[in-house]
Structure formats: C-alpha cells, structure tokens
Protein chains: 4
Amino acid sequence: MSKGTVVLAYSGGLDTSCILVWLKEEGYDVIAYLANIGQEEDFDAAKKKAESLGAKKVFIEDLRAEFVEEFIWPSVQASAIYEDRYLLGTSVARPCIARRQIQIAHQEDAQYVSHGATGKGNDQIRFELTCYALYPEVKIIAPWRIPEFYNRFVGRKDLMEYAEKHGIPVPVTPKAPWSMDANLMHISYESGILENPKSHAPAGLYQMTKSPEDAPNSPDVLEIEFKKGVPIKVTHVKEGKSKDTPLDIFSYLNEMGGRHGVGRIDIVENRFIGMKSRGIYETPGGTILYHAHLDIETFTMDREVRRIKRGLGVKFAEMLYNGFWYSPECEFVRHCIDKSQESVEGKVQLSVFKGQVYILGRESPKSLYNEELVSMDVQGDYDPCDASGFIKINAVRLREHHRLQGEHRSKH
Amino acid sequence: MSKGTVVLAYSGGLDTSCILVWLKEEGYDVIAYLANIGQEEDFDAAKKKAESLGAKKVFIEDLRAEFVEEFIWPSVQASAIYEDRYLLGTSVARPCIARRQIQIAHQEDAQYVSHGATGKGNDQIRFELTCYALYPEVKIIAPWRIPEFYNRFVGRKDLMEYAEKHGIPVPVTPKAPWSMDANLMHISYESGILENPKSHAPAGLYQMTKSPEDAPNSPDVLEIEFKKGVPIKVTHVKEGKSKDTPLDIFSYLNEMGGRHGVGRIDIVENRFIGMKSRGIYETPGGTILYHAHLDIETFTMDREVRRIKRGLGVKFAEMLYNGFWYSPECEFVRHCIDKSQESVEGKVQLSVFKGQVYILGRESPKSLYNEELVSMDVQGDYDPCDASGFIKINAVRLREHHRLQGEHRSKH
Amino acid sequence: MSKGTVVLAYSGGLDTSCILVWLKEEGYDVIAYLANIGQEEDFDAAKKKAESLGAKKVFIEDLRAEFVEEFIWPSVQASAIYEDRYLLGTSVARPCIARRQIQIAHQEDAQYVSHGATGKGNDQIRFELTCYALYPEVKIIAPWRIPEFYNRFVGRKDLMEYAEKHGIPVPVTPKAPWSMDANLMHISYESGILENPKSHAPAGLYQMTKSPEDAPNSPDVLEIEFKKGVPIKVTHVKEGKSKDTPLDIFSYLNEMGGRHGVGRIDIVENRFIGMKSRGIYETPGGTILYHAHLDIETFTMDREVRRIKRGLGVKFAEMLYNGFWYSPECEFVRHCIDKSQESVEGKVQLSVFKGQVYILGRESPKSLYNEELVSMDVQGDYDPCDASGFIKINAVRLREHHRLQGEHRSKH
Amino acid sequence: MSKGTVVLAYSGGLDTSCILVWLKEEGYDVIAYLANIGQEEDFDAAKKKAESLGAKKVFIEDLRAEFVEEFIWPSVQASAIYEDRYLLGTSVARPCIARRQIQIAHQEDAQYVSHGATGKGNDQIRFELTCYALYPEVKIIAPWRIPEFYNRFVGRKDLMEYAEKHGIPVPVTPKAPWSMDANLMHISYESGILENPKSHAPAGLYQMTKSPEDAPNSPDVLEIEFKKGVPIKVTHVKEGKSKDTPLDIFSYLNEMGGRHGVGRIDIVENRFIGMKSRGIYETPGGTILYHAHLDIETFTMDREVRRIKRGLGVKFAEMLYNGFWYSPECEFVRHCIDKSQESVEGKVQLSVFKGQVYILGRESPKSLYNEELVSMDVQGDYDPCDASGFIKINAVRLREHHRLQGEHRSKH
C-alpha cells in the first residue's frame, strides 16, 4: 500500500531522477512536476523519462509568462538587489515554481511534496517556506536532509551506480566541475572548483552572455518605455524593431544583454543559514532593466518618497533572498512598492556595450524634473536669497554643537 | 576704510576673478585662496593673476593628500553612493576645501568668507555648512545670492564686460556649453545643453576617461590590498608595478580606470534644495575602489554587521551630499563605520576593461568564508537536519497567517 | 487701493487682533478665519470682534469632526509619537487648520494668507508648508518674521499700547507667564518661565487633566473597539455607556483621561529649525488611544509587518512634526500605514487611574494569537525538536565568528 | 562509565531538580550551577539540595553586580524596549547567566551544558546562542526538546511522581496557575491561566510592585545623575539619601518604583519562533531609568545623532530579545551606542506616584539646550527672516509636486 502521493519538483537530471525512483522504493506514489521557467531543456524527453521511471503522472508547466509578470516585474519595481550586487535571479524563480507545485498537490490530493535542493543552500528554504505558506499541512520530503538518503549517496558516483542499477538514463557528457542553475532571468554558477574564492572563473563558464572581449565593437541603443514601474515596450533605436509583451520584452533584453556581455558578477554572498558562499551570476536582461528602471524612477519620483521606497526595496530583496515571497510582510511591502510606482512612467534611452549599460537620456510626461527651475541661465520661480535662510537655519544646530564643544575642531 | 577681510575661495577662472574685484569695490580686503585638490590648473599663473587683481594675500594650498586620506578614504569605507549611482566626487571635496578656507580665515583674522557657488546648487550649502560648523561667527558673502550682484551679472557677457573694464584677463578659448567641476576624484558636467535630460551627452565631453570604444582591447588586471577598509597597496598583476601611499594609489587607479573608460554615469539626481538636476560624472579610480571595497567587505564582514553598516553608509552618503560632513551626526556615523572596518582586510583581484570593473577573486586572513563549511562535497561541521527545524520554525508565522486568512491564496 | 486680500488665521486673541489691524494699515483687505478645532473659545464674540476691527469677512469654521477623522485617526493608526514621547497634538492640527484657510483663500480669490506664528517655532513651518503645497502661488505674510513688525512690537507692552490706540479690546486677565495652545487633542505649554528646563511646571498649569493626586481613587474601566486601526466604539464597562462616532469617541476619551490625570508629559524636544525647546503637554484621550491601539495592533498584526510599519510610523511622526503632512512622502506613508491596518480589529479593555493607562485584556476575530500553539500545557501543531535546528542554524554565523576571532572572548 | 560532564543551569525548583537526576540516570556527571541575579531564593538550601541529589559540584554565583553593570546599563543606554513596551528584563539576564555557565564548563572541562527552558519559548534560544557563541564546540542538552524526556513528563504530576520516587524534595505550596521568572530587573508572568489574552491579570499576581491603588498618596521625588548615559547617583530629594554604586542605585530604584507600583505592563508580544504570546511584566527600577535616561539623552544629544542612535537602539532591542547579545552585530551596535552616550550627562528630577513616572526638570553641563536661543522674549543669535528662506526652500519640492499633479488636491 502506498504511503501517499508526493509531488516531486523534477528537473530531468540525474539527482531528481534518482530521487523519483528512491521515493517509489520508499513506498510513495510520485507525481513528477517540471516547471519551464526559461531554462534550456528538452521537456518532452524529460517527460518521457519521468514516465519511464514510474511517475504516476507528469506535469510539464510553462510558467515563463507568469514568472516575468508576477515575479520579475515586482522585483524590477523594487530595484531588488541583494547585498548591493546580486539581482536575485534564482531567488525569484523559487516561489513561482513552488506555487505551481502546491497547486498541483492540492489538485491531485497529494499530502507530500519533495525537491532535490541540498541541505546547505538557500533553495530548500525558498521552496519550503512557499509550500508551508500556501499549504500549511503539507509534508515535505527533502532527501538531501535525510540521513538514509545522503549517507547512501555520498558522491556523484553513488548516484551513477544507483541510476545504472535502476535503469535511470545516465548523462553521457561529463558534469562540469561546478553546479549551475538556469532560468529566464539568469544562470548561477557555484560549488566545485568555484568554492575557492580566490580562483578566477574559468573562461568557458558563462552560457547566457558573450565574453565582453568577444562582444560587438559597437553598441546597440535601446529605448525602454515604462508604465507603473514596469517596461511596456522596448525598441531597438536603429533597427526600429520593438517588443511589447512582458515575456517578449524580457527575452529581447536577454538577447541584447547577452550579445554584449552584460550582467556578469562574481561575488561572495551571505546565505540565510549563516554561511558565506561564492556565486557567479549572469543576468543580462535583468541588469539592463535594473539600470533603466533606476533612471526613470529617479526622474519621476519625489526624492523623499524614493528614500522610503528604497528602504522598502532593501527589505524586499532580503525577504526574496531568504524565501519569504509568500509572507505577510512581503505582500505588504509589494503593495507599498507597487503604490510608489504609479507615476514611474516614461522612456529611457540606453546603450549596451562590452559588458556595460550606459544611460543616455530620458523623458517622461510625469517627470518632476523642471528644466526652467533648475536652469543656471534663467531664474524660474526661485529666489536665490531663500537659500541663505535655508542654509542659516540648517546651520543652527551645527553652530550650537560647535559652540558647546569649544572651538578645538577648527584648530586641527 | 576697509569693511573687513574676506577669504575668497578663488578658482582662477572668470567668475571668482570678477568676484575678487567686486569685493574690493565693495570695500573689503580680499585674501584669495585656491585649493589644489587635483584639478588641472596652472597654480602659479592663478596666483599671479589674483595678486594682479589686488588680492591682499594669495594662498595656494596643496590639499591632495589630505583629500584622499581624510575625505575619500572614509567615503570608500562607507561605500558612499548617493541615490544608488553617484559616488559623491564633488560633495566630498567641499568640506576639504572649506576647512582650509576657515583655517586661513582664523589665522588671518578674517571675519568673512566668500565663494562663487550659485544660488540653486548644492555647493553653496556644502561650503557654508562647513564654514558655520567650524567658525560659527563667520559671515558669508555669496555674491550669486546677492541681488545687486546677480542682477548686475545676468549672463556671461556681463562678466566679460566687467572683466575687460577692470583689467581682468579674459579666457581666450570659448566656454563649453556646460559647466564642469574637476578634482582628483572626478569630473562633473552639468547645466547648459545638458539641462535637457533627454539629450545625450556630446561625444567629446569626458576628460578623465577614454571612451570605452577607444579603450584598449585587453584588460588590465589589478590587485588591491585593503586594511581597515582602505587600500594600502595596488599592484598591476602582469607588470608587477605597485603603489602604496594613499595619493599614489588613488592616482594610479585613476590612470587605470581612465585608460579603460571606467566610471561614467549620466543621471538625474535630487538636490538638497528640492530640485531634480541632471549630472554627468566620471569617477575612474573611485569606481574601481567602490567595487573592490564592496567585495572585500562582504568577504570579511559578518552579514548582520554589514546590514547595519550599510544603513549607516546610506545615511552617510546623504549627509555628505547635503553638506553635513562637519556635523555631530556625520562624525558619529564616521566613527561607527570606521569601527565596522576593523577586519576589512585582504586582497581583491579585478580587471578593468571597456568601461567595466570585473571582480575576479579575493583572499583574506580575516575572512569569514569557510570553504569546508560551505562545500557541497564535504559535510564540515554542519548537520543538514538542522535546516529542517530552521525552516519549520521560520514557517510557524507563515502557516499561522495562512490558516487565519483562510485558504483562498493557494487557490488563485 | 487695496494691495490685495489676505486670509488671516485669527485666534481672537491679542496678537492676531493686532495683526488684523496692522494688515489693514499696510493696505490689505483682511478676511479673518477662525478654526474651531476644539479649543475653549467664545466663537461668537471672536467673530464680532473681528468684524469690529474691520475684517472684510469672518469665517468661523467648525473643523472638529474632520480634525478627528482625517488627522487624528491616521496618527493613531501610525502610533505617531515624536522622539518617543510627544503625541503631536499641535502638529496634527496645523495642516487641518491651514487646509481650510487655503480653501477660503481660493474661494475668496485671495492671493495672501497670514498667521501669527512666531519666527522660532515649528508652527510657522507647518502652516506655510501646507499652504505652499496646496496653493503653490500663494504669498504668505508672517508678521513675526517681518522686521518692521517685530521691531515695532518687541514685547507684550507694545501690543497692548497698539491695541488701546486702535480700539482693540485688551484682555482683562493678566497673561499667564507662559504660552499655551489648545485643541481637541491636547494643550501645550511653553515659553516664559517654562524656558528654564530645570524648573518644575507650576501646579496650576494643566487645564485639560486633573492632577493625578486629586484624581478619583478608583479606576474607570473602558472597552475600546477598533476596526481598521481606528476606534469605532468606546464603552464604559461598569456604566454600560458608549460612544460611536469619531468626535464623540475622542471627546469621551478626553473626558475619561482628563478625569484621571492621564497624558501629562514634560519634555525637551528638537524643533525642525534645530533648537531644543522645552514643552509640557497634556493629551488625555490621545494617550489612552495610543496605548489601546498599540495593544490591538500587536495582537492582530504579523510581527514582521509590524516591524516595517513601525519604521514607517517613525517617519510619519517626523513628517508630521516638521510640517510635511501635505507632501508626496507623507501621502505615500499614510497609504502604506492604512494598508497595514486592514486587520487591526478587536476590543481592548483598559483602566485609567491616577495618570496611568493599564491594558487589561484584548480579543479579536482577526488575532494571530493562537492559544493552543503557544500553550505550555498542550503541544499544538508544533514540534519542539524543530527549535534545536532553528537554534543551531542561527548559531552557524556566531560560531564561525567566534572561531575566527580565536577564543579570547569566553576567557574574560 | 560517564558519558561526560554536564553543567546544568539549575534553579533549585522542581523541574531542574528532576533534570539533574534524569541526567545522572542518563549517565552524565552533573555540575549544578545556580546564578544569583537578584531573584528571591534560599541559595544555601538550593546548594544542599543539589548536592543531595548527586551533583558532582555545585556553583552558586552572585552575578548581581555584573548583571547591572555589563547588561542592564548598556540596555539603559540603548533605551532598549521590545515592540514599544517590553523592557527586556528576562532577555537581558540570559546572556549574563549563560556566560558564567560557559566559563564554568571551560574551567571544569565539561563538554555539555543543559537547561530547563521549554521548547516553545525564547529562553532556550537566548541560552543556547550565548553558549554556541562563546563555546562553539559545546553540546547542549535541552530535555524539554528531547522526546524521551518530554513524553515521559507530560504534566506536573509526572514530575512530582518522579521526584517522590527519586527523593527529590517536593514543593509543599501549590504552584501558582502561571509561570514566573524573577531577577533584579523584573518579574515576568506567563502561561497557565494567563494564556487567555482576554482574561485580566489576577489581583495578587504582582510581587515586586505594590498595586497603584494601595501605593502611597504622595509622590517620592528623586534626582538621578547620569554620566555617559548611565546613572552614577540617585538621590531622594526630600530625604537627602543617595546611592552611588550600580547595584545600589538599581536596587534603590526598584524599591522606590516598587513602592509606587511603577512598571507594570500586560502585553501580547511576538516570540522569535514566530508565535504571539501574552506576558505580564513588572519592571520598577528599569521603568524609572528608561524615562529618566530618555529625558537626559534628548536634552544633551544632537537631534540627528539621536535619530540614528534610536534606530540602532531598536535593532539592539531585537537582538537582545532574540538572544543575540553575543553576536558580531550586537557587539558592533553596543560599541556605537556607547559612543553616542559620551555627552549624555546631567541630572533629572522626577517623581514616582501611583504607577507613573513624571519628569519634573533636568540640567546638564553638556546640554545642547540654549535658553537664550530658544527664548520667545529675546532674539539671541537668530534672525527670524532666515526661517522664511528655510520654509521656501523646503516648499520647492512640494510646490513642484502639486503643480505637476494638477490642482485637484486643494479643491476636495
């Protein structure tokens, strides 16, 4: 008799194929679920493979459009960046994948979900917090945290042997000496030889972006149009070509960014579990959007609103990184950030070239930029004398402080 | 009889030369003070010019070393960046310049100081808050805020006429159709034709950095060594060449960054007085340092310390931008940030290429990175089962929230 | 010929009566505007007085209900408190008063507004920022900042003489040796003998609250019911009496708090212009609401949402204090806070006694409090073993830090 | 053969006595450690009891002075308060107790520590994070999280039976229907009948403070003198009596606060593990100090420094509550806060009466309060005209915002 039904987040690769079979061995009915979030994959082959391994059902779900609209767009609005550098391409995919997994679990009356994330990483947390938040009674099977599993499969060799024994097709190309995670937003590289933080990334690592050295010798100039803080159109200025659905816009920006080697970073970051890890990321389209959005936002948003919004964005990035997309605080913060974007509208022109994004100019019907007011050539509605009072009053506190400190400071 | 003595922040250019003469006309004794903070200038010629215009004394002060050590270094420690993009090259020079101006005023028993900053900008505030903070009784003459002055000199033509009439040498090369401010850290460009935020910057604008298109086709690889959050050595990895005094290090990074077109930005920013303005900046060495410091800091600093330090750095950047370097709060924040940098030590390797800085690797005797702990291949002192409890407890709140909201969310 | 029409914020007292006459002397048509925001005043007499002094029109406006609903309620939602102590009773009244003043100015085609606030205080800023925000072209006449006015009226004696000369009725009772500002929310006392921060407040100062020493010897127990973070009903538990409109609720809480001496504070605060000043405040109803709202909010709001909301509340309090009610940032923050209050609903029982508010108990249909989960007697849906993992993972970072620091710390 | 040596945090009560015996049963050598942090306890009797139960050694440690100086004082400096209400009396004792426990473990070569904290509470975390931070290799035995233990001792009855069976003296007075934790700083009450958040606290609950209704009918007036943000002397103004060591000062404030019923609160709070719990606390001396310190701090500290310090204080309170006293971030924040307190010096007069603390006045040699500057009667070094410019410049942004929004707002 079955112990119950498990919806397994299945990737088509060696690990989750072994997990599929192992779960069956353990007495579960297994539903394999594979999300298409833009990674390179032969989804048909993966489906057949899962079926051949004994999956009760297989779900291949194309989540690309909702991934862009419901997950990447809010991150763009938030200028979400973790520890000043990481654009959160893996983090933002996890709640999207796990949400559908839970929907399938509900629909198929499964009490269990399972995944192949490791026990030291962030992804286990992101998957599971989403699951618990959306399906509090769910039971989670995380084999890489179960001693019987991880003690049995200590290295890749053990998995290979198990695969052979159970008729699981074994990859013919040797595994790269690092691990990698790809989706529409980015590819991340970590582990293996990358664990030494001093070693440089090998030349052939990157798959989404050309090396800046090999990138074209002249820039492409793009115009991105925003409304409510999200892109609604991207145009190649010279070619006149344009895209206007979320998925097309994002894919086109990936193509442009990829061609010019945009969005590569090599960082050490702090995981939620308290370790530092080294990660290498390439986020071509996301990097372009980060810069373009920053520009149109500063152009159209009041300074003080932006200061507050920025603080919320920093918190949002931490929540996202730590796996709290589906939490009351993250829902609250998304609501607030969305509100802040009401007037974030207009067009940004930029060029991409040799790994870099250059903002060239911007325009907006909702800009708070007032060319006359700021002009050095005309006065506008501004009396320079007011600045004297402004400065004097701002100095009240400083002068008091100095007087009371004695006058030692100016004498250094 | 003299109305008193004024120490004038004199640049050698047309504006402050006219102000010098005008102040004399108004009955003041004028001491001309010209700070060398790394701008291109013929300081001898400027001195002679000031003397010929009737300055009672002329001070030419080389502040470059103290500018780097006392002002730029704390900004590097703070990762000071305004509105996510501007590295504050102008802002950080102002307190350095004004501090010496006040020292001269004290030494020369001058009751007045004067400057040529405009009435719509930030610099007037940065100069004057420093002056009031260090010399509370000082009186400030800001001609561009005095109606008799600014109504008399409405355009550049009026200044030229005045100059000719008073024997002030008139520049022979025509003025660029924008204004520019240069120091060791950066050059800023604004006003004139740049006031239209949509117009692209003209090709020949930049003076400190090569165009990325014309930059070398292969990168330079540098190693920067940090101690207490400031660089103590920079080495060109291939050439073996190195620099190890603050001024030499910073100048060399400027040279390297300049050669590769690093550090150009085009932004709209929010001035302290409440206007948005468009500024174009090039900060070659500062940009390299910003990235390198970020990397070594994340590598060596505890996650939560850094989170707090980052918040302080954001505040520091705002204070710096707004002119509050000499304020109790900025002194407090600098102290705290300095404390946070005690273990920020180690070496970062990076390449500069075609406008971009790429971090390649890092090492440190004080790193909190633990290669064994984070490894996917060995367990280290870590039990993956702990993560289950960690996640479950983090989910307590989320599950409660979901239960009490009803289960509508997972059903969308 | 008239210089134009001024809407004067008129209080009925000596100062603004003199200003009214002085404005007429200066050639303006004066419209007197007196807002009823709950202060003790003979409004009819004030009206007659203004008319007799030559006001072109007199507006007496009862703003009490909108003051409570549109200004006090959002402050309650925000737990708005300045520098940890001051409940902002004066600050919150200013935008309410000035908004109507601007509405009258628009309606009466007046280009000017005027007020009697002094040149060192916060109120001038609060009034004027509201005016500029809602009527950017308005011209403001602030006599206490005009040298011809303030040099003419150096002390109260000068005003008295002027009043006598111009037929302005002079107050018969001697002025208290401090100034006072009253509205529905509070009375503030400052200046005069209170300027010495060491001197204790005189016994007879307070007018809204009984001295705790003279207050009843037994408490009154109240139940306040909240919905969306604002009180919708207050009930006297023993007497069964209840109130359910905003103005009635607030007035009743004032009565109860006043009877028991609740809400007196004596503080030194930091004004927006950079001075420290001493203020004494009594805020009976506001103090009760502050405590009750805090209780129901913590009971019903998720911990992390509240942490973010609290940060926004601190910012809101600063904006309110500094006069930025009508600003893009304050509108944004009010929106966010309002959103956070959606589930802040339920009943709080409290007692007021001898100057203090004691929370006794609370209940709510939307509470996140789970009696079974938290119980020490039953397990609930909670596995204590999870806590071990939670703690171990939280310790990862601390253990790393210790190891790398060496073990000197535990040996102190 | 012994499994090793355990240092058990022993309270002398039923639970930890049973744990002591149980640990022996399990094969450990047990060292009993009882910290005197000011709770009511017969320490000699407790010692004899532990010895009679088979403890290898018994340590009774008087930590009261270091508890005040090293733990309470920094909390006073920080104005540490959790969720706006709780003064953290339990939280602050935990690292103090656990530090000595670890020192004993090191000194006695014990590899294990143990405690009797429950599996749903905060204290387990506070104890254990301290232990791991100071002794990373330590092994922790938390019986209330070990199924064999907690399944055996489901209720108090099971403990009583076990006690009888093993010769553990059983308490003769019946246990109160709630649990309680006492130290020098406060007593907390929770669990049992208090778990219903609607029920009022029973009348006889409080042990450290008199009921305000029974408190004296006239106040006591105290003067507290601070230096570097901590009290150095307290004087009873009428009686002339004073105290000047940390422990004496704090004890005397407890006595005074206790006599007048000061410091009682009844709250629902958010535990670190994500539950809401109801707690009742009485913190007499701590409440007085909180108010007095707040007053002298605002009097002597620059506004903007305080704003930053306040943010740090909020973070400090969260760290303290969550058990992170010994963490890199808490050490950093304590350092920063300590720095901020350098000028927090002077005397505060206050009265305690019927449950309330009233600040009466303050004086300081380091105050930034300038009586002349703020005076309404004299001008001081202040030009009211400056305020016009200050306001106008602050309005620039607001006017722009309004103009660009259209003028709909003032027309509501």
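The rules we used
Residues numbered from 1 in each chain as written. Chains lettered and ligands numbered in written order. Predicted model: local features only at pLDDT ≥ 70, side-chain atom pairs only at ≥ 80, totals over all residues. Heavy atoms only, no water. UniProt positions renumbered as here; feature names shortened; annotations may be inferred. Axes fitted to C-alpha atoms, helices over the stretch in contact; angles between N-to-C directions. Helix = DSSP H or I, 4+ residues; strand = E, 2+ residues; numbered from the N terminus. Parallel < 35°, antiparallel > 145°, perpendicular 65-115°, else oblique. Contact = heavy atoms within 4.5 Å. Nonpolar A, V, L, I, M, F, W, Y, C, P; charged D, E, K, R; others polar. Salt bridge = Lys/Arg side-chain N within 4 Å of Asp/Glu carboxyl O. Buried < 20%, exposed > 50% of the residue type's maximum accessible area, 1.4 Å probe, protein only. Buried area = accessible area lost by both parts, 1.4 Å probe. Polar contact = N/O pair within 3.5 Å; in protein donor to acceptor, adjacent residues only side chain to side chain. Least-squares fit on C-alpha atoms with pLDDT ≥ 70 in both. Phe/Tyr/Trp six-rings, centres within 6.5 Å; stacked < 30°, edge-to-face > 60°. Pairing = 2+ DSSP bridges. Right-handed = clockwise from strand over helix to strand, strands pointing away. pLDDT = per-residue confidence, 0-100.

- Looking at an unreviewed UniProt entry, one finds chain A named Argininosuccinate synthase and attributed to Salvelinus namaycush.
- The Catalytic activity (unreviewed entry) comment attached to chain A in UniProt states, word for word, "L-citrulline + L-aspartate + ATP = 2-(N(omega)-L-arginino)succinate + AMP + diphosphate + H(+)".

## Considerations on the packing of helix α8 (residues 246-259) of chain D against helix α9 (residues 284-300) of chain D
All names here are of chain D.
Reasoning step 1: For the pair α8 and α9, the least separation of the axes is 7 Å and the interaxial angle reads 100°. In terms of their interaxial angle, α8 and α9 are classed as roughly perpendicular. Between α8 and α9, the residues in contact are Phe 250, Leu 253, Asn 254, Gly 257 and Gly 258 and Pro 284, Gly 285, Gly 286, Ile 288 and Leu 289, respectively.
Reasoning step 2: Here the contact of α8 with α9 is built from residues that sort into five nonpolar, five polar and no charged.

## Observations regarding the pattern of salt bridges
Reasoning step 1: All chains considered together, the criterion is met by 147 salt bridges over all chains.
Reasoning step 2: Linking B:Glu304 and B:Arg307 is a salt bridge whose minimum nitrogen-to-oxygen distance equals 3.5 Å. Of the two residues, B:Glu304 and B:Arg307 both sit in helix α10 (residues 303-322), three residues apart, roughly one turn of that helix.
Reasoning step 3: When its relative accessible area of 16% is taken as the criterion, B:Glu304 is described as buried.
Reasoning step 4: Since its relative accessible area comes to 26%, B:Arg307 is described here as partly exposed.
Reasoning step 5: Note that D:Glu70 is salt-bridged to D:Arg99, the shortest N-O span being 2.9 Å.

## Digging into the interface of chain B and chain C
Reasoning step 1: Each side of the interface is counted separately: chain B has 23 residues, and chain C has 23 residues.
Reasoning step 2: Both faces considered, chain B and chain C share a buried interface measuring about 2,100 Å² in area, 57% of it formed by carbon and sulfur atoms.
Reasoning step 3: Inspection of the region where chain B meets chain C yields eight salt bridges.
Reasoning step 4: A salt bridge links C:Arg397 to B:Asp302; the shortest N-O distance between them is 2.7 Å.
Reasoning step 5: Remark: the boundary between chain B and chain C carries eight residue pairs in polar contact (both at pLDDT 80 or more).
Reasoning step 6: Elements supplying a minimum of two residues to the side of chain B that touches chain C: α10 and α13 (384-405) of chain B.
Reasoning step 7: A total of 14 residues in the side of chain B that touches chain C trace back to one element, the largest contributor, which is α13(B).
Reasoning step 8: Taken together, the residues of the side of chain B that touches chain C break down into eight nonpolar, five polar and ten charged.

## Quick look at the interface of chain D and chain C
By a frequent convention, interface size equals the accessible area lost on bringing the separate parts together.
Reasoning step 1: Counting from both sides, the interface comprises 110 residues of chain D and, opposite them, 111 residues of chain C.
Reasoning step 2: For the pair chain D and chain C, the two sides together bury roughly 10,300 Å², of which 55% comes from carbon and sulfur.
Reasoning step 3: A per-residue breakdown of the area chain D buries against chain C is headed by D:Lys120, D:Lys276 and D:Met376, which together make up 7% of the total.
Reasoning step 4: Taken together, the connections running from chain D to chain C amount to 52 residue pairs in polar contact (both at pLDDT 80 or more).
Reasoning step 5: The biggest single contributor to the side of chain D that touches chain C is helix α13 (residues 384-405) of chain D, with 15 residues.
Reasoning step 6: Considering only residue class, the side of chain D that touches chain C consists of 45 nonpolar, 29 polar and 36 charged.

## Some details on the relation of the copies chain D and chain C
Reasoning step 1: Rotating chain D by 180° and translating it 0.0 Å along the rotation axis places it on chain C, where the RMSD comes to 0.0 Å. Both copies are brought into coincidence by an operation consistent with a two-fold rotation axis.
Reasoning step 2: Mapped onto chain C, 100% of the interface residues of chain D again fall at the interface, so both copies present the same surface.

## Considerations on the side chain of D:Asp386
Reasoning step 1: Mapped onto the elements of the fold, D:Asp386 is located in helix α13.
Reasoning step 2: Overall, D:Asp386 belongs to the buried group, its relative accessible area being 13%.
Reasoning step 3: Not counting chain neighbours up to four residues away, the residues in contact with D:Asp386 comprise A:Gly389, A:Phe390, A:Lys392 and A:Ile393.

## What to know about the packing of aromatic side chains
Reasoning step 1: A complete count under the given rule lists 62 aromatic pairs over all chains for this structure.
Reasoning step 2: For the ring pair B:Phe71 and B:Trp325, a centre distance of 4.9 Å and an interplane angle of 35° mean the geometry is tilted. One end of the pair, B:Phe71, is in helix α3 (residues 64-77); the other, B:Trp325, is in the loop between α10 and α11 (328-340), and 254 residues separate them in sequence.
Reasoning step 3: Looking at B:Phe71, the relative accessible area reads 0%, which means it is buried.
Reasoning step 4: Residue class for B:Trp325 comes out buried when judged on its relative accessible area of 3%.
Reasoning step 5: Between B:Phe390 and C:Phe390, the ring centres sit 5.9 Å apart and the planes meet at 25°, which makes this aromatic pair stacked. Taken together, the residues span two chains, with B:Phe390 in helix α13 and C:Phe390 in helix α13 (residues 384-405).
Reasoning step 6: Its relative accessible area of 2% is what places C:Phe390 among the buried residues.
Reasoning step 7: Connected via pairs of aromatic rings, a cluster forms that spans A:Phe272, A:Phe324, B:Phe390, C:Phe390, D:Phe272 and D:Phe324.

## A word on the pairing of strand β3 (residues 57-62) of chain A
Each regular strand carries side chains that alternate between the two faces of the sheet.
Residues and elements named next belong to chain A.
Reasoning step 1: Two strands pair when backbone bridges link them, and strand β2 (residues 29-36) and β3 are joined in this way by six bridges, in the parallel orientation. Each residue of the ladder has a partner; that of Asn 36, found in β3, is Asp 62.
Reasoning step 2: Running through helix α2 (residues 43-52), the crossover from β2 to the neighbouring parallel element β3 is right-handed.

## What to know about the confidence of the model for chain A
Residue and element names in this part refer to chain A.
Reasoning step 1: For chain A, the mean per-residue pLDDT works out to 95, and 98% of the residues sit at or above 70.
Reasoning step 2: In the predicted structure, residues 407-412 sits below a pLDDT of 50 and forms 13 contacts with residues beyond four places in sequence or in another chain.
Reasoning step 3: Both confidence scores are given for the complex: pTM 0.97, ipTM 0.96.

## Looking at the relation of the copies chain B and chain C
Reasoning step 1: Between chain B and chain C, which share one sequence, the superposing operator has a rotation angle of 180° and an axial displacement of 0.0 Å; the RMSD is 0.0 Å.
Reasoning step 2: Here 100% of the interface residues in chain B have copies in chain C that are interface residues too; the copies meet face to matching face.

## Some points on the sheet that holds strand β12 (residues 276-282) of chain B
All names here are of chain B.
Reasoning step 1: Pairing in this open sheet of four strands is antiparallel, and the strands run β6-β7-β12-β11 from one edge to the other. The open sheet has two free edges, formed respectively by β6 (179-182) and β11 (264-270), since each of these has just one partner strand. Pairs of neighbouring strands in the sheet enclose a mean axial angle of 25°, with direction left out of account.
Reasoning step 2: Note: β6 against strand β7 (residues 187-190), four bridges, orientation antiparallel.

## What to know about the UniProt feature "domain: Arginosuccinate synthase-like N-terminal" (unreviewed entry) in chain A
Reasoning step 1: The sites that UniProt annotates as "domain: Arginosuccinate synthase-like N-terminal" (unreviewed entry) are residues 6-169 of chain A.
Reasoning step 2: The span residues 6-169 of chain A shows a helical share of 49% and a strand share of 15%, and its end C-alpha atoms are spaced 22 Å apart.

## Focus: the packing of α3(B) against helix α8 (residues 246-259) of chain B
All names here are of chain B.
Reasoning step 1: In the contact formed by α3 and α8, the axes pass within 8 Å of each other and the chain directions differ by 80°. Of the possible angle classes, the one that applies to α3 and α8 is roughly perpendicular. Where α3 abuts α8, its residues Arg 64, Ala 65, Val 68, Glu 69, Ile 72 and Trp 73 lie against Pro 246, Leu 247, Ile 249 and Phe 250.
Reasoning step 2: A class-by-class count of the residues in the contact of α3 with α8 yields eight nonpolar, no polar and two charged.

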